[in-house]
Amino acid sequence: MSEAPITLQTADIMQILDLLPHRYPFLLVDRIVEIDGDNSCIGIKNVTFNEPQFTGHFPSRPIFPGVYLIEGMAQTAGAICVASKIAQQAKPKQVFFMTIDKVKFRKPVEPGDRVEFHMRKLNNRRNMWWYRGEAKVDGNIVCEAEVSAMLVMD
């Protein structure tokens, strides 16, 4: 097949399922928009009350776990890294979350919130990527972090 690589501008849930190995209940990105190659993008997570973590975190006041916000950032960044490799005709076998730095939690996220994971590439060296992310609800930063990932190629 000699089709030219296509630059991905958005990714719906079916495309995300092709890019990432994660599945319910641990797939934390519903859509990715404003994709600029592997440079930047915005991942979207619609937080709903019927998600399993709310039975224990916390029954009297459901709060979306902060570690899930960081995982959502990592999944968003990982998806565009994989997409960029596929565009180069090289699909990775695995994506590994490598580091988390400079994490700050600003506000709680609750059922009904729409979280946007704003990811911007800091660096890329061979099979490693570093991103800065901000999770936002209604334009307000609820969490920020720097994450890195490694792609394992065939």
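Residues numbered from 1 in each chain as written. Predicted model: local features only at pLDDT ≥ 70, side-chain atom pairs only at ≥ 80, totals over all residues. Heavy atoms only, no water.

The subject of this paragraph is the overall build of the chain. Secondary structure summary: the chain contains two helices and six strands in total. Along the chain, from the amino end to the carboxyl end, the secondary structure elements read α-β-β-α-β-β-β-β. For a compact globule of 154 residues, the expected C-alpha radius of gyration is about 15 Å, and the chain comes in at 15 Å, within 12% of that figure. Over its C-alpha atoms, taken along the principal directions, the chain stretches across nearly 55 × 30 × 25 Å. Nonlocal contacts in the chain, meaning residues at least 24 apart in sequence, comprise 61% of its contacts between residues at least 6 apart. Within the structure as shown, the chain displays about 8,500 Å² of accessible surface, and the carbon and sulfur contribution to it stands at 53%. In the chain, 18 side chains carry a positive charge and 18 a negative one; their mean positions are 6 Å apart. (Helix = DSSP H or I, 4+ residues; strand = E, 2+ residues; numbered from the N terminus. Rg over C-alpha atoms; globule rule 2.2 N^0.38 Å. Contact = heavy atoms within 4.5 Å. Areas by Shrake-Rupley, 256 points an atom, 1.4 Å probe, with all protein chains shown as cover. Lys, Arg positive; Asp, Glu negative; His and termini not counted. Charge placed at Lys NZ, Arg CZ, Asp CG, Glu CD.)

The six strands are arranged 1-2-4-5-6-3 in an open sheet whose pairing can be described as antiparallel. The open sheet has two edge strands, strand 1 (31–36) and strand 3 (94–105), and neither has a second partner. For this sheet, the mean inter-axis angle between neighbouring strands, taken without regard to orientation, is 20°. Of the pairings in the sheet, the one linking strand 5 (residues 128–137) to strand 6 (residues 140–152) comprises ten bridges and is antiparallel in character. Counted as the bridge partner of Trp-130 is Ser-148 from strand 6. Running at roughly 45° to strand 6, helix 2 (residues 66–87) makes contact with strand 1, strand 2 (40–46), strand 3, strand 4 (114–125), strand 5 and strand 6 of the sheet. (Pairing = 2+ DSSP bridges. Axes fitted to C-alpha atoms, helices over the stretch in contact; angles between N-to-C directions.)

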